[in-house]
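The residues making up each chain are set out below.
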Amino acid sequence: MTTPTAIAVDGVLVVGGGYAGVHAARSVIRAGRRAFIIDPTGRHDFVTRLAAVAGGTAPESDASASLSDFSDDVIVGSMASIVDGAVTLNDGRTFTADAVVVTAGAVPLAPSIEGLDFALPLRTAADASRLRAKIDIASSVVIVGGGATGVQLAGAVAAKHRSVAVTLMDGAQTLLAGLGAATGGDAARILGDRGVDVRLGSDVDEIGEGSVNVAGDMFEGLPVWAAGYTARADDFGFPVERSGRIDVDQFLRVRGWSRTFAAGDVAAHRDAQGRELPMSAQIAVQAGEVAGRNALRLLRGDTLDRARLSHRGWVLDLGGFRGLA
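Undergrad: Talk me through the environment of Gly-105; I want residue IDs and the actual numbers.
TA: By secondary structure assignment, the location of Gly-105 is in the loop between strand 10 (99–102) and strand 11 (106–108). The class of Gly-105 is buried, set by a relative accessible area of 19%. Separated by 162 residues in the primary sequence, Gly-105 and Ala-267 have C-alpha atoms spaced 8.9 Å apart. Residues contacting Gly-105, with those up to four places away along its chain left out, are Thr-230, Ala-231, Arg-232, Ala-233 and Val-266.

Undergrad: For the packing of helix 1 (residues 19–30) against helix 6 (residues 281–300), give the residues involved together with the corresponding values.
TA: Viewed as axis vectors pointing N to C, helix 1 and helix 6 meet at an angle of 35 degrees, and their least axial separation amounts to 7 Å. By crossing handedness, the relation of helix 1 to helix 6 is classed as right-handed. Contact with helix 1, carried on its side by Tyr-19, Ala-20, His-23, Ala-24, Ser-27 and Val-28, involves Ala-281, Ala-284, Val-285, Gly-288, Glu-289, Gly-292, Arg-293 and Leu-296 of helix 6 and no other residues of that element. In terms of residue class, the contact of helix 1 with helix 6 is made up of eight nonpolar, four polar and two charged.

Undergrad: With reference to specific residues and values, describe the packing of aromatic side chains.
TA: The relative placement of two aromatic rings is captured by the distance of their centres and the angle of their planes. Within the structure shown, the criterion is met by one aromatic pair. When the centroid spacing of 5.2 Å and the interplanar angle of 25 degrees are considered together, the rings of Phe-238 and Trp-257 count as stacked. With Phe-238 in the loop between strand 20 (229–231) and strand 21 (260–262) and Trp-257 in the loop between strand 20 and strand 21, this pair connects stretches of sequence that are 19 residues apart. With respect to burial, Phe-238 and Trp-257 carry one shared label: buried.

Undergrad: Describe the nonpolar core, naming the residues involved and giving the relevant values.
TA: Ranked by size, the top nonpolar core spans 52 residues in total, and within it Leu-13, Ile-38, Val-87, Val-101, Phe-238 and Ile-246 carry the most contacts. Listed by contribution, the elements that provide at least two residues to this core are strand 2 (12–15), helix 1, strand 3 (35–39), strand 7 (79–83), strand 8 (86–89), strand 10, strand 21 and helix 6. Beyond its immediate sequence surroundings of up to four residues, Val-101 is in contact with Val-12, Leu-13, Val-14, Val-15, Ala-24, Phe-261, Ala-291, Gly-292 and Ala-295. Ranked by size, the runner-up nonpolar core spans 36 residues in total, among them Val-164, Val-166, Leu-176 and Leu-222.

Undergrad: Got a sec to walk through the sheet that holds strand 14 (residues 165–170)? Specific residues and values, please.
TA: Taken together, five strands build an open sheet; the order of strands is 12-19-13-14-15 and the sheet is parallel. Two strands lie at the open edges of the sheet, namely strand 12 (120–121) and strand 15 (197–200), each paired on one side alone. One ladder, built from four bridges, connects strand 13 (residues 140–144) with strand 19 (residues 222–225); its direction is parallel. Bridged to Val-144 within strand 19 is Trp-225.

Cut-offs used in this document
Residues numbered from 1 in each chain as written. Predicted model: local features only at pLDDT ≥ 70, side-chain atom pairs only at ≥ 80, totals over all residues. Heavy atoms only, no water. Helix = DSSP H or I, 4+ residues; strand = E, 2+ residues; numbered from the N terminus. Buried < 20%, exposed > 50% of the residue type's maximum accessible area, 1.4 Å probe, protein only. Contact = heavy atoms within 4.5 Å. Axes fitted to C-alpha atoms, helices over the stretch in contact; angles between N-to-C directions. Left-handed = near helix turned anticlockwise from the far one by under 90°. Nonpolar A, V, L, I, M, F, W, Y, C, P; charged D, E, K, R; others polar. Phe/Tyr/Trp six-rings, centres within 6.5 Å; stacked < 30°, edge-to-face > 60°. Core = buried A, V, L, I, M, F, W, Y, C linked by side-chain atoms within 4.5 Å. Pairing = 2+ DSSP bridges.

Here it is, written out as structure tokens:
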């Protein structure tokens, strides 16, 4: 039986190497302190570039970079549990720190759809590489999810692989539902010009090894799941809002905790008017910088800074030198 190991770190402990985690760490490092990043792969995935990589309009080098490019202190492992100021990994190691920033805990949406496991996901650099290889030899692709990832992937595949039939489907009445009807309409027009078959307003009933069934109609092709993320922070005992995202205070500190901050998709971020901000890279970058800065201020005994986060608009690369903003 392995004896659990407790390790105290002199600096800020950052859980997760995504956009929020990297920017939290860089805020600390720029100020002259050490930031220890815990991540399962030891790599940072450029999530906003994964669709272009999978679709073939961007090189595979765009998909990820080693976390050692951002911090000298990288710990490979997955968080199993957490209490205020202490993170335990799946291998039994426990890391303690006077300031912790949690940025991991969002997972892909997984509704109860028969055969969902047949659909290939697109959430990591490894997923993008796997999809890229399969799309290269596919005759048709069926993408489920009309959000940013699905729209960008459909655009990239249609631009790069003119002989591949592309179907994009979503249960909503418009693409990019969170961005407004006009933007969704522009996306549908660009994709339609490239021959993408856009199917809206119907939920998926079943997914097969090479097909997707929607309302009794069978669409044949390589099935891809691009239907977004959800937060499951309650699995780790965090206080959460109804969305499942961590409830944080005005300083991005976990509400009711003293040494732990949260940033990125896993946390419920709000703008100056109190409106919940979307899960997106731009919000993760802003929040990560604030959380890292406040973690450092906590170590120094300084007054914490209030987070001032805002949604700054969207820019989506649809491949083939076309995009939306």
